[in-house]
Number of protein chains: 2
Amino acid sequence: MSSAFELLTVDGPARLGRLQTPHGTVDTPVFMPVGTQATVKGLTPAQLHELGAGILLANTYHLALRPGDEVIAELGGLHKFMGWQSPILTDSGGFQVYSLALSRKINDQAAVFRSHIDGSLLELSPERAMAIQENLGSDIAMCLDECPPFGTPPEYLREAVRRTIHWAERCRASHRRADQALFAIIQGGTEVELRATCASALVAMDFPGYALGGFSVGETATQMVTALEPSTDLLPAEKPRYLMGVGRPQDILAAVALGVDMFDCVLPTRNGRNASAFTLDGPLRLRNARYKRDPGPIESGCQCYACRHFSRAYVHHLFLAGEMLGPTLLSLHNVAFYVRLMADIRQAIAQKRYAEFQAVRLARWGSTL
Amino acid sequence: MSSAFELLTVDGPARLGRLQTPHGTVDTPVFMPVGTQATVKGLTPAQLHELGAGILLANTYHLALRPGDEVIAELGGLHKFMGWQSPILTDSGGFQVYSLALSRKINDQAAVFRSHIDGSLLELSPERAMAIQENLGSDIAMCLDECPPFGTPPEYLREAVRRTIHWAERCRASHRRADQALFAIIQGGTEVELRATCASALVAMDFPGYALGGFSVGETATQMVTALEPSTDLLPAEKPRYLMGVGRPQDILAAVALGVDMFDCVLPTRNGRNASAFTLDGPLRLRNARYKRDPGPIESGCQCYACRHFSRAYVHHLFLAGEMLGPTLLSLHNVAFYVRLMADIRQAIAQKRYAEFQAVRLARWGSTL
């Protein structure tokens with residue numbers, strides 16, 4: 001089977017849905033922890049499963065370079081390789097080619113670049129992006145797109161959109177696996193008309209899902225929301241909508257209010273490794289000396305393993321002592337925080353009180369867009 | 001309650017026993033994973049509990065320096081602080097004063113030294129070693145001893161033994177907690193007569209348990225066994241015997257054959273962090289390119305979480321990619337290997353076939369003493 005999306009209810013533009021995949025069903029809006037190199041940094045699959053993570057993202061670029069997608073295919077695919085039997089979405093590799101790879105050259109045929117690991121010369125074409133993701137065997141694959149940085153002149157943005165549409169056609173033509181859904185990616189930066197052009201071309205190709213790419217690349221949150229609103233309006237209501245690489249809790253709240261269903265971001269694990277904890281009352285910096293004797297949990301009321309068993313004082317100690325368990329416990333808590341945030345969002349939509357929920361949460365964080 | 005030891009059966013000098021502590025009962029011979037800074041590196045208490053670890057060791061020196069034993073006492077003691085409700089043994093801090101601390105001066109009153117963390121001037125006396133361990137609230141505390149390195153001239157070894165006996169008297173006199181057992185440490189290097197002097201003086205003081213210190217400090221395995229045999233003969237049969245800082249599986253097998261009941265060592269976690277796995281057929285170096293496509297578990301037949309869910313190829317990938325999960329999975333497997341080794345040792349003693357068991361194990365490892 002491939003993936004199917006069911007829209008259960010709406011509360012204004014905010015949507016409650018259910019995404020079926022060959023490895024299980026996911027309730028949306030959903031957050032996908034990032035397992036860049038076939039592991040969510042610092043956490044075991046058992047820990048992720050216990051804290052309620054339902055779907056992970058893995059990075060095609062990283063896995064194609066190391067250990068290689070053919071190695072993973074030979075070992076039974078990505079799910080088996082990384083010991084994760086729930087759904088996996090893979091990106092196309094495009095974003096990393098633009099952000100990580102060396103000596104990058106892009107033409108209509110492909111992106112040619114050097115590996116950031118060993119400098120070897122590689123090529124990523126739409127056909128190769130499909131072959132890699134089919135080797136990985138993710139539940140959801142992404143079309144190869146071109147994702148220019150914020151501040152790219154409109155004439156080049158237009159070129160990138162043209163190429164993104166052309167590559168989406170080639171991705172669809174070369175994609176083979178019936179047990180893998182292929183989502184298209186809408187580009188266009190913060191140029192609303194360009195995004196509309198891109199969206200209408202891709203919607204006409206009837207993909208099972210649509211991603212909004214090219215956000216969280218340097219623009220402000222206000223610029224993102226301004227460009228996001230008309231973009232989501234162009235997408236078919238019956239297909240899932242995925243905002244790539246976003247983001248902070250307040251960004252997720254804003255995007256859900258505009259009708260986005262899926263998110264991914266490295267923040268919970270990256271901040272966890274840097275001793276920063278997400279809480280309903282805003283971030284805690286656990287290295288701060290004020291926590292040296294604090295017997296309370298990381299976040300009061302949180303039911304994650306870290307909050308049930310350890311004090312802020314202990315986590316503070318672990319970071320000062322340079323112990324691996326510090327990053328592990330805070331990554332675990334932060335991913336649990338995001339999982340809980342999404343559950344609370346879904347409940348608020350189901351109860352038709354999403355706007356109020358969003359306002360109360362933002363007020364408590366002391367944060368506005 | 002304090003601790004009590006019951007000798008269940010013997011097979012030659014090898015002993016099967018049971019050690020009761022305020023936080024539970026431990027079957028001996030037992031291996032104690034090392035949680036130097038109130039954490040076994042890379043593992044959660046839940047993972048340690050699941051793999052069957054029954055008692056941990058924590059380091060008095062490290063915890064007194066950071067976060068401070070009074071901070072831990074204020075937070076409810078070491079068990080609560082580190083989220084470990086099973087037994088804990090703390091060392092006296094002496095070994096680290098000799099191996100880690102700076103500008104060390106020792107006289108009969110105390111060891112005076114500078115912290116290896118911030119250079120602050122500190123003093124460790126027998127009374128202070130007792131106060132720290134009572135603040136930590138471990139189930140088993142150790143007397144402060146003097147542990148000279150291998151190769152120390154006999155005249156200084158004699159001085160260290162005299163001081164170790166004197167300090168044991170002062171430790172016993174100042175020790176207060178009825179819910180904490182205090183073990184004495186026998187020193188004397190590889191000088192058998194000195195060890196006998198030390199043992200008879202300490203046995204006369206009637207401690208609830210005895211440790212053999214000053215091993216694994218640079219001597220060969222043969223030198224250790226040669227000095228160990230007469231040492232264990234001097235100890236009362238009804239008290240537990242703990243060989244500090246040992247060691248490799250073959251060293252543990254040899255020491256059990258001489259009547260030792262308790263062990264601790266950093267090897268399983270340190271080797272795990274360095275991509276080296278213990279197996280019944282000897283060590284695997286998981287960074288080796290031969291494992292790139294190896295679909296088998298780390299160790300065939302092992303039932304630990306890492307072996308049940310992941311391939312050698314995946315662990316190889318994690319280490320090459322610099323992912324934290326690599327050290328975590330191999331530390332977990334290695335501690336599980338030691339836990340299983342001790343269970344097999346206990347079964348062999350119970351079935352009165354320990355000598356054969358030891359010979360078969362050593363032959364399979366391709367290793368002899």
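Our subject is the structure that appears above.
Residues numbered from 1 in each chain as written. Chains lettered and ligands numbered in written order. Predicted model: local features only at pLDDT ≥ 70, side-chain atom pairs only at ≥ 80, totals over all residues. Heavy atoms only, no water.

Trainee: What am I meant to see in the layout of surface pockets here?
Mentor: One simple way to see leftover space: roll a probe sized like a water molecule over the atoms. By volume, the largest pocket amounts to about 930 Å³. Lining the largest pocket are 44 residues; nearest its centre among them are Phe95, Gln96, Gly245, Asp264 and Val266 of chain B. Elements with a minimum of two residues in the lining of the largest pocket: helix 5 (94-99), helix 9 (221-233), strand 14 (262-265) and helix 11 (267-273) of chain B. Its residues assigned to classes, the lining of the largest pocket comprises 16 nonpolar, 19 polar and 9 charged. Space inside the second largest pocket adds up to approximately 690 Å³. Looking at the lining of the second largest pocket, the elements that each hand over two or more residues are helix 5 (94-99), strand 14 (262-265) and helix 11 (267-273) of chain A. For the lining of the second largest pocket, the per-class residue count stands at 13 nonpolar, 14 polar and 6 charged. (1 Å grid on protein atoms, 1.4 Å probe; cavity = no way out; pocket = protein on both sides within 12 Å on 5 of 7 lines; lining within 4 Å. Points joined across faces, edges and corners; volume = space filled by probe spheres on them. Helix = DSSP H or I, 4+ residues; strand = E, 2+ residues; numbered from the N terminus. Nonpolar A, V, L, I, M, F, W, Y, C, P; charged D, E, K, R; others polar.)

Trainee: Please clarify how the relation of the copies chain B and chain A should be interpreted in this entry.
Mentor: Note that the two copies of the chain are related through a rotation about an axis and a translation along the same axis. For the pair chain B and chain A, the superposition axis carries a translation of 0.0 Å, the fit reaches an RMSD of 0.0 Å, and the rotation angle comes to 180°. Viewed as a symmetry operation, the transformation between the two copies matches a two-fold axis. In terms of C-alpha distance to the rotation axis, chain B has Met324 of chain B as its closest residue, with the C-alpha 4.0 Å off the axis. (Least-squares fit on C-alpha atoms with pLDDT ≥ 70 in both.)

Trainee: Whenever I open this one, the sheet that holds strand 1 (residues 4-11) of chain B confuses me. Can you help?
Mentor: Consider a sheet: its strands pair through backbone hydrogen bonds, and that pairing is either parallel or antiparallel. Residue and element names in this part refer to chain B. With antiparallel pairing, 3 strands are arranged side by side in an open sheet as 1-2-3. Either end of the sheet is taken by a strand with one partner, and the two such strands are strand 1 and strand 3 (24-28). Pairs of neighbouring strands in the sheet enclose a mean axial angle of 15°, with direction left out of account. Bridge count for strand 2 (residues 14-21) against strand 3 is 5 bridges, and the pairing is antiparallel. Its bridge partner lying in strand 3, Gly17 is registered against Thr28. The strands touched by helix 14 (residues 325-350) are strand 1, strand 2 and strand 3; relative to strand 2, the strand with the most contacts, the crossing angle is about 120°. (Pairing = 2+ DSSP bridges. Axes fitted to C-alpha atoms, helices over the stretch in contact; angles between N-to-C directions. Contact = heavy atoms within 4.5 Å.)

Trainee: Sorry, what's going on with the environment of Asn274 of chain B here?
Mentor: All names here are of chain B. Among the structural elements, Asn274 can be located in the loop between helix 11 and strand 15 (276-277). Sequence spacing of Asn274 and Gly83 is 191 residues, and the spatial spacing of their C-alpha atoms is 26 Å. If we skip the residues at most four places from it in the chain, Asn274 touches Arg285 and Phe319.

Trainee: In this structure, what is going on with the nonpolar core? I would like to understand it.
Mentor: Most often, soluble globular proteins have nonpolar side chains that are buried together. Counting 212 residues, the largest nonpolar core has Leu78, Leu243, Ile345 and Tyr354 of chain A together with Leu78, Leu243 and Ile345 of chain B as its most contacted members. Discounting chain neighbours no more than four positions away, the residues touching Ile345 of chain A are Pro29, Ile252, Leu253, Val256, Tyr354 and Phe357 of chain A. (Core = buried A, V, L, I, M, F, W, Y, C linked by side-chain atoms within 4.5 Å. Buried < 20%, exposed > 50% of the residue type's maximum accessible area, 1.4 Å probe, protein only.)

Trainee: Help me understand the interface of chain B and chain A in this model?
Mentor: In many reports, interface size means the accessible area that the parts give up when they come together. Taken together, the contacts link 39 residues of chain B with 39 residues of chain A. Between chain B and chain A, roughly 3300 Å² of surface is buried when both sides are summed, and carbon and sulfur atoms account for 62% of that area. When residues of chain B are sorted by the area they lose upon contact with chain A, His317, Glu323 and Met324 of chain B head the list and together hold 19% of the total. For the interface between chain B and chain A, the tally reads 4 salt bridges. Between Lys41 of chain A and Glu323 of chain B there is a salt bridge, with the nearest N and O atoms lying 2.6 Å from each other. Mapped by element, the contributors of at least two residues to the side of chain B that touches chain A are helix 1 (45-50), helix 3 (69-74), helix 4 (78-82), helix 12 (305-309), helix 13 (312-320) and helix 14 of chain B. Considering each element in turn, the side of chain B that touches chain A owes the most residues, 5 residues, to helix 13 of chain B. (Buried area = accessible area lost by both parts, 1.4 Å probe. Salt bridge = Lys/Arg side-chain N within 4 Å of Asp/Glu carboxyl O.)

Trainee: It is not clear to me how the packing of helix 13 (residues 312-320) of chain A against helix 14 (residues 325-350) of chain A should be interpreted in this structure. Could you clarify?
Mentor: Each pair of packed helices gets described by two things: the angle between the helix axes and the distance between those axes. Residues and elements named next belong to chain A. It is the contact of helix 13 with helix 14, at a shortest axis distance of 8 Å, that shows an interaxial angle of 135°. Classified by the angle their axes make, helix 13 and helix 14 are oblique. Counted together, Tyr314, Val315, Leu318 and Phe319 of helix 13 and Leu325, Gly326, Pro327, Leu329 and Leu330 of helix 14 form the full contact between these two elements. Grouping the constituent residues of the contact of helix 13 with helix 14 by class yields 8 nonpolar, 1 polar and no charged. (Parallel < 35°, antiparallel > 145°, perpendicular 65-115°, else oblique.)

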